[in-house]
Structures are given as C-alpha cells and as structure tokens.
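Residues per chain, in single letters:
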Amino acid sequence: KAKGKQKRFDSEGLTYSSKGELLVSFERKPKISKLSTEGIVESNYRLPKKLRKKSAYRSKNKMFEALAFHPKYGILTVAEYPIKKSKKRDQTIYSLRGKEWHFRTEKYKNSAVTAIEVMDDGNILVLERAYSGLSNPFMITLKKVYIDSCNKKSRCKSEVLISFDSFDGWGMENFEGLAKVGKNRFVMVSDN
C-alpha cells in the first residue's frame, strides 16, 4: 500500500537492511522502498541516475527483479534483463551507493536474473531463469559472482554452481525467489 491511499504495485524483490528495515523493489515504475511493519511504503530510495527512467529498461515488466542487502555495499539490485544500453548478456549488479559489478548471463535464450542473495563470503549468489517456449528447455542456473574479483572494466569472475535443464528430467517451476536460511544455506521459491 502507498501511504494514505490504496495503490497497486508490482513488487519483485524483498530483503532486510542491517537495521532490520524491510526493503522491496518494484517493476512498472523503477523503485526501491522501505516498508513499515504494516506493509505501507514509508520512503523511497534515491536510484542511480541511469536507473531512474522507465525508458532505460527493456520493458516495464523487466525492472528491479532482484534485491539484496550487502553489509559492505548496502542495497544491491539487478534488473531482470540488462538495461537498454547494455548487450543482452552483459548483466549488472547495482549498488544504490553508485558501485556496479558486471557479469555475463548464461548463453540460454532469454536468460534473465530473477533473484540475488549475499553469500557468507560477501560474494553474490545469482538465480537465472531461461524460458523460450515449450519446444525449448526451461533452464534454472545458480551462479556465484565474485564481486571482489573483477577486471579493469568491472567484469567479475563468475562460476556456475548448478544448472537444471527441464529436458534432462528435472520437473521445474518458475523459480523467482532466493533466500538465505543459514550459514551457506539458501532456498529457492517458485511463483507457481
């Protein structure tokens, strides 16, 4: 809900800050907000300039899909697909403090970031989903992006931890959420 009135939002990412504040990211209008315990938007965070306009994104439904809080870098977000000025496989993790880390998505058609989480070692766990129709496999990939191992162009080393291919017999759903539940332990959630 918006403060003082009912309003519909397309929320996608959810995390807690180091102060225990509930943070949420949105599509349709690029926004990251702090929520009250009643679920009311209390305030919005200032976005880096390149992320403020809707026209920067590939579509209104491809904005802030993923959100996490990093103890060193603060609020991190990733658009579902790279913003328009980037190549389709050149994805970026953005800190609201202005820092960026770049990595390549997998080669699967329509590979998109659906969630991120901060790992115990400070690197980023990325959940990618690729779907391009019933005649192609549904792919789910978990990868680790080493944010402190980047080259001069800020391209970070990444490592695929596991990939699930529906054509290999994996009965998969549309995984869009990732949460840390313990030391080096994470769960994924499907929206189906």
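What you see as residue numbers is a count from 1 along each chain, following the sequence as written. Confidence filtering applies because this is a predicted model: local features only for residues at pLDDT of at least 70, side-chain atom pairs given and counted only at 80 or more, and all residues used for totals across whole chains, interfaces and linings. Where side-chain values are given, they derive from all heavy atoms of the structure, hydrogens and water being excluded.

A. How the structure looks around the overall build of the protein chain. The way it works is that DSSP assigns letters per residue, a run of H or I at least four long becomes a helix, a run of E at least two long becomes a strand, and they are numbered from the N terminus. Within the protein chain, the regular secondary structure consists of zero helices and 14 strands. Element order for the protein chain, N to C, with α for helix and β for strand: β-β-β-β-β-β-β-β-β-β-β-β-β-β. Exposure is judged per residue with a 1.4 Å probe applied to protein chains only, and the accessible area is read against the type maximum: over 50% gives exposed, under 20% gives buried, and values in between give partly exposed. A buried classification covers 46% of the 192 residues belonging to the protein chain. Should any heavy atoms of two residues lie within 4.5 Å, those residues are considered in contact. The long-range share in the protein chain, meaning contacts at least 24 apart out of those at least 6 apart in sequence, stands at 43%. Element-wise, carbon and sulfur atoms account for 49% of the exposed surface of the protein chain, whose accessible area totals about 10800 Å². Only the protein chains shown count as cover for residues, and the accessible areas themselves come from Shrake-Rupley with a 1.4 Å probe.

B. Seen up close, the side chain of Q91. For Q91, the position within the fold is in strand β7 (residues 90-95). Take Q91: its relative accessible area is 1%, and that puts it in the buried class. In this view, Q91 contacts V78, A79, E80, Y81, P82, W101, H102, F103, T105 and V113; residues no more than four positions away in its chain are not counted.

C. Structural view of the nonpolar core. Within the largest apolar cluster, 16 residues are counted, with the highest numbers of intra-cluster contacts made by I93, I116, I124 and V145. Among the elements of the structure, β5 (64-70), β6 (74-79), β8 (100-104), β9 (112-118), β10 (124-130) and β11 (139-150) are those that each provide at least two residues to this core. At three residues, the largest contribution of residues to this core is made by β9. Counting residues in hydrophobic clusters, the runner-up holds 15 residues, among them L23, L51, M63 and L67. Definition of nonpolar core: a set of buried residues of the types Ala, Val, Leu, Ile, Met, Phe, Trp, Tyr and Cys, connected through side-chain atoms within 4.5 Å.

D. The arrangement of the state of the cysteines in detail. Note on terminology: disulfide denotes any pair of cysteine sulfur atoms within 2.5 Å. For the structure shown, the criterion picks out one disulfide. Note that C150 is cross-linked by a disulfide to C156, the S-S spacing being 2.1 Å. Between C150 and C156, the disulfide has an S-S torsion of 80° and is therefore right-handed. You can call C150 partly exposed: its relative accessible area is 30%. The exposure class of C156 is buried, given its relative accessible area of 6%.

E. Representation of unusual backbone geometry within the structure. For R28, which is not glycine, the phi dihedral falls at a positive 75°. In this fold, R28 is placed in the loop between β2 (22-27) and β3 (31-35).

F. Here's a closer look at the pairing of β11. Counting buried positions over the twelve residues of β11 gives nine, a clear majority of the element. The pairing criterion is simple: DSSP has to find at least two bridges between the two strands. Inspection of the sheet shows β10 paired to β11 by seven bridges, in the antiparallel sense. Along β11, the bridge assignment pairs L125 with K144. As consecutive antiparallel partners, β11 and strand β12 (residues 156-165) are separated by five residues, and within that stretch S154 has a phi angle of approximately 65°, a positive value.

G. Region of the structure containing the environment of S33. Take S33: it is sitting in strand β3. For S33, a relative accessible area of 0% gives the class buried. S33 has contacts with L22, L23, V24, F26, V41, S43, N44 and Y45, leaving out every residue within four places of it along the chain. Each polar contact in these results corresponds to two N or O atoms within 3.5 Å; when the atoms are within protein, one needs to be able to donate a hydrogen and the other to accept it, and residues that are neighboring in sequence are counted only if both atoms are side-chain atoms. In this structure the side chain of S33 is engaged in a polar contact, spanning 2.4 Å, whose partner is the side chain of N44.

H. Representation of the sheet that holds β10. One open sheet holds the four strands; their spatial order is β9-β10-β11-β12, and the pairing between them is antiparallel. In the strand order of this sheet, the two ends are held by β9 and β12, each with one partner. Strand-to-strand, the axes of this sheet are offset by a mean angle of 20°, without reference to chain direction. Every angle, taken between N-to-C directions, lies between 0 and 180 degrees, and every axis is a line fitted to C-alpha atoms, over only the stretch in contact when it is a helix.

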